[in-house]
Amino acid sequence: MDQVPGSPQGPQDAQSLPTCYRHPDRETGIRCTRCERSICPECMVSASVGFQCPECVRGASGTGHSPTASQPRTLAGGTVTEDPRLITKILVGLNLAFFLVQLSIGERFDERFELLGLAYVPGLGSVEGVAEGQWYRLATAMFLHGSVIHIAFNMLSLWWIGGPLEAALGRARYIALYAISGLAGSGLTYLLAEPNQPSLGASGAIFGLFGATAILMRRLNYDMRPVIALLVINLIFTFGWSNIAWEAHIGGLVGGVVIGYAMVHAPRGRRALIQYGVCALVLVAVVVMTLIRTGQLT
């Protein structure tokens, strides 16, 4: 959750769903169209018809093509990698590293990099904020946290929903989703919050992952109740606590839903163009919000 200075994959039928042949602890209703073995979202590779398992794609399964003729692809068209959680691990590490720096340097570090519209900051002895040309605050605020509980909650959420989503999208698409959702949250906060009200936190990006996860689960016809329940709980916290920047949560969620829909529903022939085109459109919306607010404050 963003503070103001603040996968679910539920089984559809636990008795009838088979488990992934590579991950026996994961239930799934998807089968490889070649070998007919059950595969989970992490293992499924998008094919012209249905999905295939990584082994069938790598070996070409008697199709006459060499094993290197086509790289294994994720549901969204990304490359299947050995460590499907690598980017999630890096993001958790970056957030923890920034938090240690915050603890070491103190409030002056927060004042320099937290999201702030326009205000005089006594600790820095000057007027600071995005309206002063400090656009970097829209991004740096995504890696700052206000307390141990704040960062613990956000990093647990990132780990739980980020890993499976990264495996389903691929690294490049996952990075784009995370970064642009976070910026969408920062942009809406800058547009709507009081200019002298600082905020910080990774929640805009994490709510973007929530939104994309809901779209992915709908695409795979999974039980939506677990992710909806988790999202509702987070929204209750968002609007129930006075020290939470709800604008970041809503901005990130909307950005994540829009980008997530493009990621998993783009037609195969123009997949990359549509996916990254939608990412660019959301980013343009962030720039427009920033310019509008800057014009109001200067």
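Once a new chain begins, its residue numbering starts again from 1 and follows that chain's sequence as written. Side-chain atom pairs in this predicted model are given and counted only at pLDDT of 80 or more, local residue features only at pLDDT of at least 70, and totals for whole chains, interfaces and linings cover all residues. Hydrogens and waters are ignored; side-chain quantities use all the structure's heavy atoms.

(A) Region of the structure containing the overall build of the chain. A count of helical and extended segments in the chain gives 10 helices and four strands. Each helix is a run of DSSP H or I of at least 4 residues and each strand a run of E of at least 2, with the numbering of both proceeding from the N terminus. Each helix (α) and strand (β) of the chain, taken in turn from the N terminus, gives the series β-β-α-α-α-β-β-α-α-α-α-α-α-α. Burial statistics for the chain: of 298 residues in total, 51% are counted as buried. Only the protein chains shown count as cover for residues, and the accessible areas themselves come from Shrake-Rupley with a 1.4 Å probe. As presented, the chain carries roughly 13,600 Å² of accessible surface, and 62% of it is formed by carbon and sulfur atoms. Burial classification: accessible surface area is computed with a 1.4 Å probe over protein chains only, and a residue below 20% of its type maximum counts as buried, one above 50% as exposed, and the rest as partly exposed.

(B) Focus on the state of the cysteines. The criterion for a disulfide is a pair of cysteine sulfur atoms lying within 2.5 Å. Within this structure, the stated rule accounts for zero disulfides. Cysteine 35 carries a free sulfur, and the closest cysteine sulfur to it, the one in cysteine 32, is 3.6 Å from it.

(C) Quick peek at the nonpolar core. Residues belong to one nonpolar core when they are buried, are Ala, Val, Leu, Ile, Met, Phe, Trp, Tyr or Cys, and are joined through side-chain atoms within 4.5 Å. Ile39, Leu158, Leu165, Tyr178 and Leu209 are the most contacted members of the largest nonpolar core, which has 65 residues in total. The set of elements that each furnish at least two residues to this core consists of helix H2 (86-105), helix H5 (148-169), helix H6 (171-192), helix H7 (203-219), helix H8 (225-240), helix H9 (246-265) and helix H10 (271-297). Per-element accounting of this core gives the leading share, 10 residues, to H7.

(D) Molecular detail of the packing of H7 against H9. Contact pair H7 / H9: the axes reach a minimum separation of 6 Å and the direction vectors enclose 35°. Pair H7 / H9 crosses with right-handed handedness. Contacts between H7 and H9 involve Ser203, Gly204, Phe207, Gly208, Gly211, Ala212, Ile215, Leu216 and Arg219 from the former and Ala248, His249, Gly252, Leu253, Gly256, Val257, Gly260, Tyr261, Val264 and His265 from the latter. Put simply, Ala, Val, Leu, Ile, Met, Phe, Trp, Tyr, Cys and Pro go in the nonpolar bin, Asp, Glu, Lys and Arg in the charged bin, and everything else, Gly too, in the polar bin. Along the lines of polarity and charge, the residues of the contact of H7 with H9 split into nine nonpolar, nine polar and one charged. Fitted lines through C-alpha atoms give the axes, limited to the stretch in contact for helices. The angle between two N-to-C directions lies from 0 to 180 degrees. Should the near helix be turned anticlockwise from the far one by less than a right angle, the crossing is termed left-handed; should it be turned clockwise, right-handed. Whether two residues are in contact is decided by their heavy atoms, any of which lying within 4.5 Å being enough.

(E) Spotlight on the side chain of threonine 74. As for its placement among the helices and strands, threonine 74 is situated in the loop between helix H1 (54-59) and H2. You can call threonine 74 buried: its relative accessible area is 3%. Between N or O atoms, a polar contact is any pair within 3.5 Å; within protein, one atom must be a potential hydrogen donor and the other a potential acceptor, and residues adjacent in sequence are included only when both atoms are from side chains. Polar side-chain contacts of threonine 74 include one of 3.2 Å to the backbone oxygen of alanine 168.

(F) Quick look at a nonpolar patch on the surface. Residues enter a patch when their relative accessible area is above 30% and they make no salt bridge; the linking distance is 9 Å between like charges and 5 Å between nonpolar side chains (Val, Leu, Ile, Met, Phe, Trp, Tyr). By salt bridge we mean one thing: a side-chain nitrogen of Lys or Arg within 4 Å of a carboxyl oxygen of Asp or Glu. Together, Leu86, Ile90 and Leu94 make up an exposed nonpolar region whose accessible area comes to about 220 Å². Within the fold, isoleucine 90 resides in helix H2.

(G) Local environment of the confidence of the model for the chain. pLDDT runs from 0 to 100 and stands for how confident the predictor is about each residue. When pLDDT is averaged across the chain, the result is 85; 87% of the residues are at 70 or more. A low-confidence stretch, residues 6-15 stays under pLDDT 50, and its non-local contacts, those more than four residues away or across chains, total 27 contacts. Counting contacts from residues 61-69, a segment whose pLDDT is below 50, to residues more than four positions away or on other chains yields seven contacts.

(H) Region of the structure containing the side chain of arginine 137. Positionally, arginine 137 belongs in helix H4 (residues 137-140). For arginine 137, a relative accessible area of 0% gives the class buried.

(I) Here's a closer look at the packing of aromatic side chains. Only the six-membered ring of Trp is used, alongside the rings of Phe and Tyr, when aromatic pairs are assigned; centres must lie within 6.5 Å, and planes under 30 degrees apart are stacked while those over 60 apart are edge-to-face, with the rest tilted. Tallied over the full model, the rule gives four aromatic pairs. Joined through ring pairs, the aromatic side chains of Phe109, Phe113 and Tyr136 make up one cluster. Above the face of the tyrosine 21 ring, arginine 37 is positioned so that its terminal group lies 4.0 Å from the ring centre. A ring is considered to have a charge above it if a Lys NZ or an Arg CZ atom is located within 6 Å of its centre and within 35 degrees of its normal. A cation over a ring is seen here: arginine 85 above tryptophan 159, with NZ or CZ 4.7 Å from the ring centre.

(J) Looking closely at the environment of arginine 31. Structurally, arginine 31 is set in the segment before strand E1 (45-46). The exposure class of arginine 31 is partly exposed, given its relative accessible area of 47%. Other than its neighbours up to four places away in sequence, arginine 31 contacts Pro18, Glu36, Arg37, Ser38, Ile39 and Phe51. Separated by 2.9 Å, the side chain of arginine 31 and the backbone oxygen of glutamate 36 make a polar contact.

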